[in-house]
Amino acid sequence: MDFQIRQAITANVSGSDAAEFQDIVNDAITRGEEHLLPGLGVFLETWWQSATEQERTQFAEQLAKKFAH
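Everything quoted here is computed from the prediction, not taken from an experiment.

Procedures and definitions
- Residues numbered from 1 in each chain as written.
- Predicted model: local features only at pLDDT ≥ 70, side-chain atom pairs only at ≥ 80, totals over all residues.
- Heavy atoms only, no water.
- Helix = DSSP H or I, 4+ residues; strand = E, 2+ residues; numbered from the N terminus.
- Contact = heavy atoms within 4.5 Å.
- Salt bridge = Lys/Arg side-chain N within 4 Å of Asp/Glu carboxyl O.
- Buried < 20%, exposed > 50% of the residue type's maximum accessible area, 1.4 Å probe, protein only.

Time to look at the environment of valine 13. Within the element layout of this structure, valine 13 appears in helix H1 (residues 5-13). In this structure, valine 13 is in contact with Phe21, Ile24 and Phe43, ignoring residues within four places of it in sequence.

Here we come to the pattern of salt bridges. Applying the stated rule across the entire model yields 4 salt bridges. The salt bridge partner of arginine 31 is glutamate 33, with a shortest N-O separation of 3.3 Å. Judged by relative accessible area, which is 42%, arginine 31 ranks as partly exposed. Via salt bridges that share partners, Asp27, Arg31 and Glu33 belong to a single interconnected network.

Below, the structure written as structure tokens:
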């Protein structure tokens, strides 16, 4: 069986609105279960692919700030 996690996650969230995506992300973070991380990764990958270079730069700068210790 050829299971594509990206396709499965995309199919599961197709048609979701902004509030539903926010709930999904908040739930995944709150639960803290590692098996939910690939889904968040698919969200990031999908966003990144359609983001402008400025949005990518701003996001990367925010990440750098959060991980600067």
